[in-house]
Amino acid sequence: MVKKYLVTASPSGIIRCMRKVLLVNDEYYHIFGRGVDKRQIFMDARDYARFLQSMEEFNTVEPIGSIFENSFRKRESQLGDGVTKLVEFVCYCLNPNHYHFLMRQIADKGIEKFMHRLCLGYARYFNVKCQRSGSLFQGPFKAVHVDSNEYLLNVSAYVNLNNRVHRLGDGVSKSSWEEYMKKKKDKNGRELCGKEIIISQFKTIAEYKDFAEDALKIMLERKDMEHLLVES
């Protein structure tokens, strides 16, 4: 049975445990959240770039302070293969007013720590940029335990193609789909996601592409898959 866990965000944007939550190392979770009052949290390409940068830089056991502070340190010492990470991304999708991650927890309380840094840091950036104050994210981020391989594969399809769920079209969202299709790496030739757990189960990238597109179509048609669908 899929278990749902909640973590709450205080009015200041700081995320804390609402109650005792079972987020276990080496287990996979579907993490998602949205803007307060369904507001946009990504207004332009700069916002998407900042969130993606935050996903990378805040994903370390050692605190970095802010991204601004981290820019004064040698990047090689903070990022890359030598960093002990909190979580491993399997796939992600950033839509104008909400986000989805499929991730594996690596370090103790890794998801909780990572989401705290990510949401607090991005909210500070966004509020300064847009000259606003108050919470950016609505209530708790949600986490669903991915407790079977079948579910893992289906969630990967749902997250990678989440812009299609909401009929947002191409170019509006940012997702790891391009990484899976071998079309995107960062400027250092790295990929953000650990895709092997998914891709290794298919003979070719094209085979996974067909699976993901077929799986998404089925999920959108079946009532018993509604637990995967999150209101935008």
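Residues numbered from 1 in each chain as written. Predicted model: local features only at pLDDT ≥ 70, side-chain atom pairs only at ≥ 80, totals over all residues. Heavy atoms only, no water.

Undergrad: What should I look at first to understand the overall build of the chain in this one?
TA: Secondary structure summary: the chain contains 9 helices and 7 strands in total. Taking all 232 residues of the chain together, the buried fraction comes to 47%. A separation threshold of at least 6 residues defines the contact pool for the chain, and within that pool the share at least 24 residues apart is 72%. Summing over all exposed atoms, the chain offers an accessible surface of approximately 12100 Å²; the carbon and sulfur share of this is 51%. (Helix = DSSP H or I, 4+ residues; strand = E, 2+ residues; numbered from the N terminus. Buried < 20%, exposed > 50% of the residue type's maximum accessible area, 1.4 Å probe, protein only. Contact = heavy atoms within 4.5 Å. Areas by Shrake-Rupley, 256 points an atom, 1.4 Å probe, with all protein chains shown as cover.)

Undergrad: Hey, could you run me through the packing of helix α5 (residues 149-160) against helix α9 (residues 205-221) in this one?
TA: Packed helices, taken two at a time, are described by the angle between their axes plus the distance between the axes. At a closest axis distance of 9 Å, the pairing of α5 and α9 adopts a crossing angle of 85°. Relative to α9, the element α5 lies roughly perpendicular. On α9, the residues that touch Leu153, Asn154, Ser156, Ala157, Tyr158 and Asn160 of α5 are Tyr208, Phe211, Ala212, Ala215, Leu216 and Met219. Among the residues making up the contact of α5 with α9, the classes are represented as 9 nonpolar, 3 polar and no charged. (Axes fitted to C-alpha atoms, helices over the stretch in contact; angles between N-to-C directions. Parallel < 35°, antiparallel > 145°, perpendicular 65-115°, else oblique. Nonpolar A, V, L, I, M, F, W, Y, C, P; charged D, E, K, R; others polar.)

Undergrad: Would you take a moment to explain the packing of aromatic side chains for this structure?
TA: In this description, an aromatic ring pair is defined by two values, namely the gap between the centres and the angle between the planes. Within this structure, the stated rule accounts for 18 aromatic pairs. Plain terms: the ring middles of Phe51 and Phe101 are 6.4 Å apart, the flat faces sit at 20° to each other, and that makes the pair stacked. Placement of the pair is Phe51 in helix α1 (residues 45-57) and Phe101 in strand β5 (residues 98-105), with a sequence separation of 50 residues. A relative accessible area of 0% places Phe51 in the buried class. Centroid distance Phe89 to Phe101: 5.4 Å. Interplanar angle 70°. Geometry classified as edge-to-face. Of this pair, Phe89 sits in strand β4 (residues 87-95) while Phe101 sits in strand β5, and the two are 12 residues apart along the sequence. A relative accessible area of 2% places Phe89 in the buried class. Taking NZ or CZ as reference, Lys195 lies 5.9 Å from the ring centre of Tyr180, over its face. (Phe/Tyr/Trp six-rings, centres within 6.5 Å; stacked < 30°, edge-to-face > 60°. Lys NZ or Arg CZ within 6 Å of the ring centre and 35° of its normal.)

Undergrad: Hey, could you run me through the confidence of the model for the chain in this one?
TA: When pLDDT is low, close inspection of the predicted coordinates is not appropriate. Across the chain, the average pLDDT comes to 81, with 75% of residues at or above 70. Here strand β2 (residues 15-17) stands out as the least confident element of the chain, with mean pLDDT 36; β4 is the most confident, with 97. (pLDDT = per-residue confidence, 0-100.)

Undergrad: What's the story with the side chain of Arg117 in this structure? I'm lost.
TA: As for its position among the elements, Arg117 is in helix α4 (residues 110-130). Buried Arg117, no salt bridge; nearest opposite-charge side chain is Glu62, N-O distance 7.6 Å. Engagement of the side chain of Arg117 in a polar contact is seen with the backbone oxygen of Phe58, the distance being 3.3 Å. Arg117 has contacts with Phe58, Thr60, Val61, Glu62, Pro63 and Leu86, leaving out every residue within four places of it along the chain. (Lys, Arg positive; Asp, Glu negative; His and termini not counted. Salt bridge = Lys/Arg side-chain N within 4 Å of Asp/Glu carboxyl O. Polar contact = N/O pair within 3.5 Å; in protein donor to acceptor, adjacent residues only side chain to side chain.)

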